[in-house]
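Observations on the model geometry
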Amino acid sequence: MMSVYHSIKNNTGKLLMMIALSVFVPAFSFAQSGNDFGGSAFNGKKLIISTKIGYIEITPYTADVINVTYKHKLDEAVKSYSTVGQPTLVKAIYINDISFAGIKTSALKVLVDKSDLSISFMDNQNHLLSKAFNYAKTGDSSAVNFKSDGKEAFYGGGSKAIYINRRGTVLQNNNQAHYDYHFGQTDINITIPFMVSSRGYGLYLDNASEGSFDVCKTDAKVLGYKTTSGLVSFYFVGGEKMDGVLKNYTYLTGRQPLPPRWTMGYISSRYGYKSEREVTNVVDRTRAAGIPIDAVVFDLYWYKAAEFMGNYNWAPDSFPDPKRMLSNLAKNHIKVVTISETYITKKSENYKSAIDQHLFATDINKKGEPYLFDKFWAGPSGLLDVFKPSAQQFYWNFYKARIKDGTAGWWFDLGEPEVNNDSLQYIDGTNKQVHNAYALTWAKFAFDGYRKDFPESRLLLLPRSGFAGMQRYSTFPWSGDIDRSFAGLKAQIPIIISMGLNGVGYMHSDAGGFTGSGEDEVNKDSELYSRWLEFASFAPVMRTHAGARHYSPEPIFWDDTTRLRVTKFIKLRYAMLPYNYSLAYKNTTTGRPLVLGVNYFEPGNQNLSNVNDEYLWGDEMLVAPVIVKGQTTKKVLFPKGEWVGFNDHKSYKDSADVYAPVDSLPLFVKAGSIIPMAAPYTYTDQYDGKSLILKYFVGNLSASVTSQWFYDDGKDPKSLTDGKYDLVNFVTEGKGKTHTITILPKHLADKTKNFRLIVEDKQLQSISFSKNTTYKIVVDANGNKEVDFTWNGTPLNLIVKTL
């Protein structure tokens, strides 16, 4: 087939137009054999390759982020729900020789082979990182392959209850609900078409349609991608290290705003609280038991019952005066989160309005008629077409009214959508084309509504489903209706690590497990509950939840031994608030997740490439929860360097068998780190950033570590842009028994701080300061010396000598 390739340039030499005349065929591929290369042109911003049947468009977004789109008409546009980053000014050199056309940036070389139209991505040392090849299109479906070295690990693809290294699996890009799932369930609620390689790059496929990844299962050296609809448009995301890849990916898809600080406390939830009296009793008993708590979540009983799904008024029989209730809870420093679903039952007070205003998704076989789910579990229902602006406004009006009453956050349930089929038609497309973007669009209009009508508020959206870019809408997703078992618990660490590598930093689970064989009180498993809450105390969100027909997930309803055991870890979470909130700052400003795989900083370490039962909590702490029933000794693998036991203060390296009885959590700190902590609080609003405990874990070897502390009021969404925050670095150097701590202010809104220095794993002998500093040495109950001192906000060196 012949192709005519030409370009028209204006007098500045910039490319204005490229045209290739081609004949459409129903099934074709870009140059698998023979020479289909037509020509190339580069205008300084975009490289376009002309072929006999279409175009390859290559656009550098940054020096190490490259977009490639396969087109069959030059004016075809990618419909993206996820990408918000725009191309920057990238200095790129055009390459065009007898064999290749391409571009070279300061970080990457991208070469299109003229013989087969494969696209190679190489670093500056000419190492091949990946190669896109064998693009093909059949009808609406398209596919492309990527070359692998046959050994690299691949991570991501969204929420999957399988091992973090996806090599050897097939992943569906298809949001779907699975009730009572456990480890081994490959595809669940959140699809994110972004695969991250252990070799320091990622492949992000910008297409919301249903599709799949064959992650080197069919061929160990090929990662394959297929989509049922839309253009194949992918981003090669460089960065060399995981931090760089995540920073670049979240440049494209957005970063999580700073969270409301109360989201980092303990949140109590169940299915569900049925009256004001019940929820007040839970809060009062929790506080009376000495358990910190910040929020409660209302499941569907707040609007009466499942059969009235789609109602957005408090049920008057159970909640006669909701404004007063919300006001009283707020005075008690308790935030309220209420559930929302986009299915509207026939019994809902809003069903008729939705019908009259044509707000439901329609039946593709009955043009214009709303699709009715006759056998939906809550009753016959329609499904809101969230892509319609009128439907968005319809729901936002309800949300706005409840927010004014005092609701602090929203729980978005069933957003896969839970029940869907190919007969559904949305305003944006068919079910296969857009349902993966359903929950993302739902979160978007809620986030936009908050920004417009409540611009002084941070928000929590608690969705069960989502898609690439969901993090930018302040989402705190959970892992769905997990089985209450050790097999359910086993799934949670790989889910959270994987979602973090896909830009979503606040993934979490129903702590304790949602459903399963343990529905009866007699089947309550204290060991499982304890282990799950130990893990959840070092998760991005700590929220107990369960189907509570015969089972109460709150600590106060357990026996004294179990209650006291988990209370210890809830209190530890509150004591860790200064450190944890600093992780939130890092996530917001760089895209680094709170939970990191143990190989995050050494992705080439084969021994750590598929560790699924431990993780880094930030870069200075290692958490190794026990997830096996009856286990009291756990083998822990350590990243490079020395690690110090948080509790036993022993030195660890490489690997160790660690004693872990049911009331303990194996927890470690990188030697040389300073962990900012505080006295345990009853609720997070008590944290004011004026006083801080600095726990210094020295270690036995010489180490230099930079630790960081961030503080703001936890409420203001503009604190970073308005400069209303504190950011301080603590730099340590240690050699023998002499250690230097340098306190460096990076940004301060409030300069005076009161610090208590505790040397955790050594006996303090003496301390001196580089400047005149008010301090005193105090002795704790065990006879250990601690140092209280006042810092005036200027650089300060501390010389610490240990015995």
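Residues numbered from 1 in each chain as written. Predicted model: local features only at pLDDT ≥ 70, side-chain atom pairs only at ≥ 80, totals over all residues. Heavy atoms only, no water.

1. Focus: the overall build of the protein
From N to C terminus, the protein includes 12 helices and 50 strands. Relative to the compact-globule value of 28 Å for 803 residues, the protein shows a C-alpha radius of gyration of 28 Å, a close match. Here the analysis covers contacts within the protein between residues at least 6 apart in sequence; of these, 69% occur between residues at least 24 apart. Averaging the positions of the 90 positive and the 80 negative side-chain charges in the protein gives two centres separated by 5 Å. (Helix = DSSP H or I, 4+ residues; strand = E, 2+ residues; numbered from the N terminus. Rg over C-alpha atoms; globule rule 2.2 N^0.38 Å. Contact = heavy atoms within 4.5 Å. Lys, Arg positive; Asp, Glu negative; His and termini not counted. Charge placed at Lys NZ, Arg CZ, Asp CG, Glu CD.)

2. Points about the packing of aromatic side chains
Tallied over the entire structure, the rule returns 73 aromatic pairs. Ring plane angle 85 degrees and centroid distance 5.1 Å describe the contact between tyrosine 61 and tyrosine 235, whose orientation is recorded as edge-to-face. Here the residue tyrosine 61 occupies a position in strand β6 (residues 55-62), and tyrosine 235 occupies one in strand β20 (residues 233-237), the gap between them amounting to 174 residues. Accessibility assignment for this pair places tyrosine 61 and tyrosine 235 in one class, buried. Where phenylalanine 730 meets phenylalanine 755, the ring centres are 6.0 Å apart and the plane angle is 70 degrees; that geometry is what we call edge-to-face. (Phe/Tyr/Trp six-rings, centres within 6.5 Å; stacked < 30°, edge-to-face > 60°. Buried < 20%, exposed > 50% of the residue type's maximum accessible area, 1.4 Å probe, protein only.)

3. Quick word on the pairing of β20
Of all five residues in β20, five are buried; the element is thus mostly enclosed. Bridging between strand β17 (residues 201-205) and β20 involves four bridges; their strand directions are antiparallel. When the bridges of β20 are listed, glycine 202 appears paired with valine 237. (Pairing = 2+ DSSP bridges.)

4. Things to note about the side chain of lysine 114
Secondary-structure assignment places lysine 114 in the loop between β10 (109-113) and β11 (119-122). Here lysine 114 occupies a buried position and makes no salt bridge, while the nearest side chain of opposite charge, aspartate 97, is found at 5.4 Å. (Salt bridge = Lys/Arg side-chain N within 4 Å of Asp/Glu carboxyl O.)

5. Section: the sheet that holds strand β29 (residues 424-426)
The strands making up a sheet are joined through hydrogen bonds of the backbone, oriented either antiparallel or parallel. In space, the four strands of this open sheet follow the order β26-β25-β29-β30, with antiparallel pairing throughout. The open sheet has two free edges, formed respectively by β26 (366-370) and β30 (429-430), since each of these has just one partner strand. Across two bridges, the pairing between strand β25 (residues 362-363) and β29 is antiparallel. Within the sheet, the bridge partner assigned to threonine 362 lies in β29 and is glutamine 425.

6. Some remarks on helix α1 (residues 242-253)
Since the α-helix turns once every 3.6 residues, residues separated by three or four places project in the same direction. Here α1 contains 12 residues, and its C-alpha end-to-end distance of 16 Å stays within 8% of the 16 Å for a straight helix at 1.5 Å per residue. Inspection of α1 places Met242, Val245, Leu246, Asn248, Tyr249, Thr250, Leu252 and Thr253 among the buried residues, and these make up the whole buried set. Downstream of α1 by a residue or two, glycine 254 has a phi angle that is positive, lying close to 95 degrees. (Expected span 1.5 Å × (residues − 1).)

7. Re the packing of helix α11 (residues 560-575) against helix α12 (residues 577-590)
As a packed pair, α11 and α12 sit with axes 5 Å apart at the nearest point and diverge in direction by 60 degrees. Considering their axes alone, α11 and α12 lie oblique with respect to each other. For the pair formed by α11 and α12, the contact residues are Arg573, Tyr574 and Ala575 on the first element and Leu577, Pro578 and Asn580 on the second. (Axes fitted to C-alpha atoms, helices over the stretch in contact; angles between N-to-C directions. Parallel < 35°, antiparallel > 145°, perpendicular 65-115°, else oblique.)

8. A word on the confidence of the model for the protein
Residue-level pLDDT values for the protein average 94, and 95% of them are 70 or greater. Predicted confidence for residues 1-28 stays below pLDDT 50, and this span has 53 contacts to residues more than four positions away or in other chains. (pLDDT = per-residue confidence, 0-100.)

9. Concerning the environment of asparagine 431
Mapping asparagine 431 onto the fold places it in helix α6 (residues 431-434). In this structure asparagine 431 comes out as buried when scored by relative accessible area, which is 1%. Separated by 224 residues in sequence, asparagine 431 and serine 655 place their C-alpha atoms 48 Å apart. If near-sequence neighbours (up to four positions away) are discounted, asparagine 431 is found in contact with Glu210, Asn420, Asn421, Asp422, Leu424 and Tyr426. In terms of polar contacts, asparagine 431 uses its side chain to reach the side chain of tyrosine 426, at 3.3 Å. (Polar contact = N/O pair within 3.5 Å; in protein donor to acceptor, adjacent residues only side chain to side chain.)

10. Thoughts on the sheet that holds strand β45 (residues 738-747)
Spatially, the five strands line up as an open sheet ordered β43-β44-β45-β50-β47, and their pairing is antiparallel. The open sheet is flanked by β43 (704-711) and β47 (764-769), the only strands paired with a single partner. Strand-to-strand twist of the sheet, defined as the mean angle between neighbouring strand axes without regard to direction, takes the value 20 degrees. In terms of strand pairing, strand β44 (residues 726-735) meets β45 through nine bridges, oriented antiparallel. Paired with glutamate 733 across the bridge in β45 is threonine 740. In this fold α12 packs onto β43 and β44, with an angle of close to 90 degrees to the strand it touches most, β43.

11. Topic: the pattern of salt bridges
In total, this model carries 38 salt bridges according to the counting rule given. Note that arginine 464 is salt-bridged to aspartate 481, the shortest N-O span being 3.3 Å. In this pair, arginine 464 sits in the loop between β31 (460-463) and α8 (486-490) while aspartate 481 sits in the loop between β31 and α8, placing the two residues 17 residues apart along the sequence. The class for aspartate 481 is buried, based on a relative accessible area of 14%. Through salt bridges with shared partners, a single ionic network connects Asp413, Glu416, Glu418, Arg464 and Asp481.

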